[in-house]
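So you can see what is in the structure, the chains are spelled out below.
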Amino acid sequence: MSDLKRQLDRAYEKKVVDTVDTRFRKVVLSVFGSVIRATPVDTGRARGNWQTTLDAPAREQVEGTTPRVGEADAVAAAAKMGKVAFVSNNVPYIGRLNEGSSKQAPAGFVEKAAQAGAAVR
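Residues numbered from 1 in each chain as written. Predicted model: local features only at pLDDT ≥ 70, side-chain atom pairs only at ≥ 80, totals over all residues. Heavy atoms only, no water.

Draft legend 1. Quick look at the overall build of the protein. Across its full length, the protein carries five helices and two strands. Secondary structure elements of the protein occur, N-terminal to C-terminal, as α-α-β-α-β-α-α. Relative to the 2.2 N^0.38 estimate, which gives 14 Å for 121 residues, the radius of gyration of the protein is 18 Å and therefore markedly larger than a compact globule would have. Expressed along its principal axes, the backbone C-alpha trace of the protein runs to roughly 65 × 25 × 20 Å. Counting over 121 residues, the protein shows a buried share of 33%. Here the protein holds 19 positive side-chain charges and 13 negative ones, and the gap between their average locations is 5 Å. (Helix = DSSP H or I, 4+ residues; strand = E, 2+ residues; numbered from the N terminus. Rg over C-alpha atoms; globule rule 2.2 N^0.38 Å. Buried < 20%, exposed > 50% of the residue type's maximum accessible area, 1.4 Å probe, protein only. Lys, Arg positive; Asp, Glu negative; His and termini not counted. Charge placed at Lys NZ, Arg CZ, Asp CG, Glu CD.)

Draft legend 2. Region of interest: helix α5 (residues 109-118). Among the residues of α5, Phe 109, Ala 113 and Gly 117 are the ones counted as buried. For α5, the angular spread of buried residues about the axis comes to 85°, placing them on one side. In the core, the buried residues of α5 are packed alongside α1 (3-38) and α4 (94-98). (Arc of directions from axis to C-beta. Contact = heavy atoms within 4.5 Å.)

Draft legend 3. Focus on the nonpolar core. Residues Phe 32, Val 35, Ile 36, Ala 46, Trp 50, Ala 72, Val 91, Ile 94, Leu 97, Ala 105, Phe 109 and Ala 113 constitute the largest nonpolar core, which totals twelve residues. Going through the elements one at a time, α1, α4 and α5 are the ones with two or more residues in this core. Here this core takes three residues from α1, the largest share from any one element. With residues up to four places along the chain from it excluded, the contact list for Ala 113 reads Val 31, Ser 34 and Val 35. Counting five residues, the second-largest nonpolar core is a separate cluster that includes Phe 24, Val 75, Ala 76 and Ala 79. (Core = buried A, V, L, I, M, F, W, Y, C linked by side-chain atoms within 4.5 Å.)

Set out below in C-alpha cells:
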C-alpha cells in the first residue's frame, strides 16, 4: 500500500472516529439533561439521583437533590467509540414515576428523554 493511501486512510478513519465520538458525547449530555428536566420533583431526591457512567450502570443511590452535572460532563468527555454510556437512577420509586404516578410528568418520560438524545446531531 502506498504511503499516500495509508495517510489518506488514517485521516479518513480519524475524521470518522472523531465525528462519532463527538456525537456520542452530545447524546450523553442530551439524554442526561432531558431526563433531569423531565423528572417530577417532590423532594428532589429522584432528580438528584440521575447518574451517568461508562461501561456499567450505577448501582447505588446517591445523597442529595442536586443533579450531578459535573459527573455527566466528565463521562461525556471520556465517551468514545466502543464505550457504552449509562444514565441510571436507583431510587426505588423511579419506575413508578416513569409509569406516570406523578401529575408533573407523563408516563414514559425516561424513554422520551432517550429518544430526544438519539435525535441529537
